[in-house]
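Each chain, letter by letter, is given below.
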Amino acid sequence: MRFATYTAQGQQHYGAITDEGAIALDPVFPDWPTLFDAVAAGGLAQLEEAARKRVVTHTDFTYDMVLPNAPRILCVGVNFPDRNAEYKDGSAQPEYMSLFPRFASGFTGHDCPLIRPPESHKLDYEGEVAIVIGKGGRRIPQNRAYDHIAALTLCNEGTIRDWVRHAKFNVTQGKNWDRSGAMGPWLVPFRDADQLDQARIVTRVNGEVRQDDRLDRMMFPIRREIEYISTFMALRPGDIIVTGTPAGAGARFDPPRFLKPGDVVEVEVNGIGTLRNTVQDEAI
């Protein structure tokens, strides 16, 4: 079962996505006006049960960022061995993970364009798996970390490369341009460890494979990410953790291969699906 946020006839809905179309569920659960509210209430199983009893309500719709009102999105940087080597600074694997915040306004939905701003044409792609927390907690041990995951989704953690270097100690400004990244197309309920432990990320630009790696090669596995993050902040239902991108981003080519209008970027992970976006310049 897949759950998405989408817009049809000018109105935003959330619901189940089938091969035939979308089944709107927000009218069925007025106490959960958004998909975020359903996740925060631990309601994915109820959504699933309701969807089985209903028919498609929309066949013409546009995907939105999957949780557009998610208040907390935390991203893990430089989390694959080859990715660390890309920096060519001779550094060993770090003892602690790099973290930075992103905001929902920086993401668009599946099949929507990533926006390249006029201030910089160094828009880059980063294919990643994102986890959505279903059960909150503090100081969560690794052996119980997966118990706190409600669902999985995909992320193209689009980055304006020169703006991540504007400051000495942070990358926030290069990571939060409006609609520079994408998240979706949908949430897939998390039921089995193999959904992550056997997952492979493939990112393509215009059909060319640029990133291809397995989550089990992460320097900081997802169980460790949950343990570490929940040490300094209590995780809450609906929190999103974007777990890290493999080597092969456009900035690391010689010369760099940044995204340009007309490009098509696809992030694919077995068992979750494919997140697809075009690229266009911002209209100003």
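Residues numbered from 1 in each chain as written. Predicted model: local features only at pLDDT ≥ 70, side-chain atom pairs only at ≥ 80, totals over all residues. Heavy atoms only, no water.

Undergrad: Just to check I follow, could you spell out the packing of aromatic side chains for this structure?
TA: Within a pair of aromatic rings, the relevant descriptors are the distance that separates the centres and the angle that separates the planes. Under the counting rule described, the total for this entry stands at 8 aromatic pairs. Residues phenylalanine 61 and tyrosine 63 carry aromatic rings whose centres are separated by 5.3 Å and whose planes lie at 75° to one another, so their mutual orientation is edge-to-face. Of the two residues, phenylalanine 61 and tyrosine 63, neither departs from the other in class, the shared state being buried. Here arginine 2 stacks its cationic end above the ring of tryptophan 186, 4.4 Å away from the centre of that ring. (Phe/Tyr/Trp six-rings, centres within 6.5 Å; stacked < 30°, edge-to-face > 60°. Buried < 20%, exposed > 50% of the residue type's maximum accessible area, 1.4 Å probe, protein only. Lys NZ or Arg CZ within 6 Å of the ring centre and 35° of its normal.)

Undergrad: Looking at this structure, how should I read the environment of aspartate 263?
TA: Mapping aspartate 263 onto the fold places it in the loop between β16 (240-242) and β17 (264-269). For aspartate 263, a relative accessible area of 5% translates into the label buried. With 73 residues separating them in the primary sequence, aspartate 263 and phenylalanine 190 have C-alpha atoms 31 Å apart. Setting aside chain neighbours within four positions, we find aspartate 263 in contact with Val205, Asn206, Phe258, Asn277, Thr278 and Val279. (Helix = DSSP H or I, 4+ residues; strand = E, 2+ residues; numbered from the N terminus. Contact = heavy atoms within 4.5 Å.)

Undergrad: Just checking my understanding: could you explain the state of the cysteines for this structure?
TA: Linking two cysteines covalently through their sulfur atoms gives a disulfide. One pass over the structure, following the stated rule, counts 0 disulfides. With no disulfide partner, cysteine 75 has as its closest neighbouring cysteine sulfur the one in cysteine 155, 6.3 Å distant. Cysteine 155 supplies the cysteine sulfur nearest to cysteine 112, a cysteine that is in no disulfide, at a spacing of 14 Å. Note on cysteine 112: relative accessible area 12%, which makes it buried. (Disulfide = S-S within 2.5 Å.)

Undergrad: Looking at this structure, I do not really get the pairing of strand β14 (residues 200-205). What am I missing?
TA: Looking along a regular strand, one sees side chains alternate from face to face of the sheet. Both β14 and strand β15 (residues 208-214) contribute to a ladder of 6 bridges, which runs antiparallel. What sits directly across from threonine 203, in β15, is glutamine 211. Both β14 and β17 contribute to a ladder of 5 bridges, which runs antiparallel. For isoleucine 201, the partnering residue across the bridge sits in β17 and is valine 269. (Pairing = 2+ DSSP bridges.)

Undergrad: How should the environment of arginine 236 be read in this particular structure?
TA: Among the structural elements, arginine 236 can be located in the loop between α5 (222-232) and β16. Taking the C-alpha atoms as reference points, arginine 236 and valine 55, separated by 181 residues in sequence, lie 32 Å from one another. Dropping the residues within four chain positions of it, arginine 236 is found in contact with Arg72, Ile133 and Gly136.

Undergrad: Hey, could you run me through unusual backbone geometry in this one?
TA: The omega angle of the peptide bond from glycine 184 to proline 185 is 0°, so this bond is cis rather than trans. In this fold, proline 185 is placed in strand β13 (residues 181-189). At the junction of aspartate 254 and proline 255, the peptide bond is cis and its omega measures out at 0° in the coordinates. In this fold, proline 255 is placed in the loop between β16 and β17. The backbone phi angle of arginine 139 is positive, close to 50°, even though this residue is not glycine.

Undergrad: I tried to follow the pattern of salt bridges on my own but got confused; where do I start?
TA: If charged atoms from side chains of opposite charge come close, those side chains can pair. Summed over the entire model, instances satisfying the criterion amount to 22 salt bridges. Glutamate 48 serves as the salt-bridge partner of arginine 52, at 3.3 Å between the closest nitrogen and oxygen. Linking arginine 52 with glutamate 48, this pair stays in helix α2 (residues 44-52), spanning 4 residues, or about one helical turn. Residue glutamate 48 is classed as buried on the basis of its relative accessible area of 9%. Linking aspartate 239 and arginine 72 is a salt bridge whose minimum nitrogen-to-oxygen distance equals 2.8 Å. (Salt bridge = Lys/Arg side-chain N within 4 Å of Asp/Glu carboxyl O.)

Undergrad: Can you walk me through the side chain of asparagine 176 in this structure?
TA: Tracing the chain through its elements places asparagine 176 in the loop between β12 (159-160) and β13. Separated by 2.8 Å, the side chain of asparagine 176 and the backbone nitrogen of phenylalanine 103 make a polar contact. If sequence neighbours within four positions are ignored, asparagine 176 has contacts with Pro101, Arg102 and Phe103. (Polar contact = N/O pair within 3.5 Å; in protein donor to acceptor, adjacent residues only side chain to side chain.)

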